[in-house]
Amino acid sequence: MFDIIQSHRSALVMFTTGLAVFCATIGLAWPYLSPDVLGARMRQLVLAWQRNRMSGLVRPSESPKRSLLTSEPRRVYAAIVQRLNLARHLEDGATQQMLLRAGFRGRAPVITFLAMRVLMPLTVLGFSAFYIFVVIKPDIHVLLKWGMSVGFAGLGFYLPAVYVKNRIAKRQKSVIRAWPNALDLLLICVESGMSIEHAFRKVADEIRSQSKELAEELALTTAELSFLPDRRTAYENLGRRTDLEGVKSVVSGLMQSEQYGTSLGNALRVLAQENRDMRMSLAEKKAAALAPKLTVPMILFFLPVLFAVIITPAVIQILNE
């Protein structure tokens, strides 16, 4: 009986070993039996792209450009705006203009912004009520707890506006940094014989590595110069979207040059120098304001440490005596 069990065990071990060897052989030979045609093609494309990049045919800065076309709003947001009769704000130029300065174009961002002004207070109210009543559980009256929750909900109403304003500030900072260089490139393109539309398009392609926001605005201005009946409208839209004094001055110069037929190259040269001087003056103003800003930190942090270092040895010596 023991010999029979031992023989069955040996047969089972041999069968398992053979099955493992067979599976390992199939696993190693499977790429050759069933080649991955799609994977090989993808690898060839990647190698070709890398060779073209190294040879200079493809620049590293080239990346898929974000579409400037507007999208449809979400149905939930559109239903909230329609149900609460907030559509009148769609005709309000102030809200739409604020979103344009932040880089949100079309009707969908306005609907999303209005819907968020309704949803954010409710969301903040729920989170604040949960945190106050369940998590911290302060020993205060229930009405005071609800008052705190409602207060936080009121702050939630302003969160979308705060986000949009921060987005506007970052966008304007990016544009104003790259704007003098864009004017120099625009001057070079105009003096080389390009039309203003081709110059804007070329500058938009070249300035993308420094400021994507400015590249988007210039690309949109190029499109407006192509299909709008009046160039003045395209220039005014550029100044209105950026809301920067340097850009508005250049826009005014371009419109005057277009109206009176003056030299566009001379106007751009003067405007480029003015914008560089303006940026230098802003840097000097920030540098001059640095000393008053450092006064309070020095009083709070440096002087106590300095007094401690000076007085402590004398105090120790007096105590030892």
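Peer 1: Explain the overall build of the protein to me, using residue names and the numbers behind them.
Peer 2: For the protein, the helix and strand inventory stands at twelve helices and zero strands. In the protein, the succession of α and β elements from N to C terminus is α-α-α-α-α-α-α-α-α-α-α-α. Counting the 321 residues in the protein, one finds 27% classified as buried. Pairs at least 24 apart in sequence give 61% of the contacts found in the protein among residues at least 6 apart. Here the protein displays about 22,300 Å² of accessible surface, and carbon together with sulfur accounts for 65% of that area.

Peer 1: Account for unusual backbone geometry, with residues named and values stated.
Peer 2: Even without being glycine, Lys 137 reaches a positive phi, approximately 50°. Positionally, Lys 137 belongs in the loop between helix H5 (107-136) and helix H6 (142-191). Of note, the phi angle at Asp 243 is positive, near 55°, even though the residue is not glycine. Here Asp 243 shows up in the loop between helix H9 (231-242) and helix H10 (245-260). With a relative accessible area of 34%, Asp 243 lands in the partly exposed category.

Peer 1: Before we move on, could you go through the packing of helix H8 (residues 212-227) against H9 and cite the residues and values that matter?
Peer 2: It is at 9 Å that the axes of H8 and H9 come closest, and there the two elements cross at 160°. As summarised for this structure, H8 and H9 are arranged roughly antiparallel, according to the angle between their axes. Between H8 and H9 lies a crossing of right-handed hand. Between H8, through Glu 217, Leu 220, Thr 221, Glu 224 and Leu 225, and H9, the contact on the second element is made entirely by Arg 231, Ala 234, Tyr 235, Asn 237, Leu 238, Arg 241 and Thr 242.

Peer 1: Mind laying out the nonpolar core, listing which residues take part and the relevant values?
Peer 2: Trp 179, Phe 200, Leu 214, Leu 218 and Tyr 235 are the most contacted members of the largest nonpolar core, which totals 31 residues. Of all the secondary-structure elements, those providing two or more residues to this core are H6, helix H7 (196-206), H8, H9, H10 and helix H11 (264-288). With nine residues, the single largest contributor to this core is H6. Discounting chain neighbours no more than four positions away, the residues touching Tyr 235 are Ile 196, Phe 200, Leu 225, Val 251, Leu 254, Met 255 and Glu 258. Ranked by size, the runner-up nonpolar core spans 14 residues in total, among them Val 81, Ile 111, Ala 115 and Ile 168.

Peer 1: Tell me about the pattern of salt bridges, residues and numbers included.
Peer 2: If you walk through the whole model with that rule in mind, you get 14 salt bridges. Arg 276 is the partner of Asp 184 in a salt bridge, and the nearest nitrogen-oxygen pair spans 2.4 Å. Of this pair, Asp 184 sits in helix H6 while Arg 276 sits in helix H11, placing them 92 residues apart in sequence. Residue classification places Asp 184 among the partly exposed positions, given a relative accessible area of 26%. Its salt-bridge partner being Arg 231, residue Glu 197 comes within 2.6 Å of it at the nearest N-O pair. Placement of the pair is Glu 197 in helix H7 and Arg 231 in helix H9, with a sequence separation of 34 residues. Glu 197 gets classed as buried once you look at its relative accessible area, which sits at 14%. One network of salt bridges, in which partners are shared, links Arg 105, Arg 171, Glu 216, Glu 217, Glu 224 and Arg 241.

Peer 1: Describe in detail the side chain of Arg 171, supporting the description with residues and values.
Peer 2: Mapped onto the fold, Arg 171 is located in helix H6. Within the structure, Arg 171 has its side chain in polar contact with the side chain of Glu 216 (distance 3.3 Å). Among residues more than four places away in sequence, those in contact with Arg 171 are Arg 101, Ala 102, Gly 103, Arg 105, Glu 213, Glu 216 and Glu 217.

Peer 1: Describe the packing of aromatic side chains, with residues and values.
Peer 2: Remark: the centre distance and the inter-plane angle together describe each pair of aromatic rings, the angle taken between the planes. Throughout the structure, instances matching the rule amount to two aromatic pairs. Both rings, one in Phe 133 and one in Trp 146, keep their centres 5.0 Å apart while their planes meet at 45°; by these two values the pair is tilted. Highlighted residues: Phe 133 in helix H5 and Trp 146 in helix H6, separated in sequence by 13 residues. Look at Trp 146 and you get partly exposed, because its relative accessible area is 41%. Arranged with centres 5.3 Å apart and planes meeting at 85°, the rings of Phe 157 and Tyr 158 form a pair that is edge-to-face. On the accessibility criterion, Phe 157 (33% relative accessible area) is partly exposed. One residue, Arg 117, lies across the ring of Phe 157, its end atom 4.6 Å from the ring centre.

Peer 1: Let's hear about the confidence of the model for the protein: which residues, and what values?
Peer 2: On average, the protein scores 78 in pLDDT, and the residues at 70 or more come to 75%. H8 holds the highest mean pLDDT among the elements of the protein, 89, whereas helix H1 (residues 2-33) holds the lowest, 59. Low pLDDT, under 50, characterises residues 55-69; the predicted model gives this stretch 14 contacts beyond four residues in sequence or across chains.

Parameters at a glance
- Residues numbered from 1 in each chain as written.
- Predicted model: local features only at pLDDT ≥ 70, side-chain atom pairs only at ≥ 80, totals over all residues.
- Heavy atoms only, no water.
- Helix = DSSP H or I, 4+ residues; strand = E, 2+ residues; numbered from the N terminus.
- Buried < 20%, exposed > 50% of the residue type's maximum accessible area, 1.4 Å probe, protein only.
- Contact = heavy atoms within 4.5 Å.
- Areas by Shrake-Rupley, 256 points an atom, 1.4 Å probe, with all protein chains shown as cover.
- Axes fitted to C-alpha atoms, helices over the stretch in contact; angles between N-to-C directions.
- Parallel < 35°, antiparallel > 145°, perpendicular 65-115°, else oblique.
- Left-handed = near helix turned anticlockwise from the far one by under 90°.
- Core = buried A, V, L, I, M, F, W, Y, C linked by side-chain atoms within 4.5 Å.
- Salt bridge = Lys/Arg side-chain N within 4 Å of Asp/Glu carboxyl O.
- Polar contact = N/O pair within 3.5 Å; in protein donor to acceptor, adjacent residues only side chain to side chain.
- Phe/Tyr/Trp six-rings, centres within 6.5 Å; stacked < 30°, edge-to-face > 60°.
- Lys NZ or Arg CZ within 6 Å of the ring centre and 35° of its normal.
- pLDDT = per-residue confidence, 0-100.

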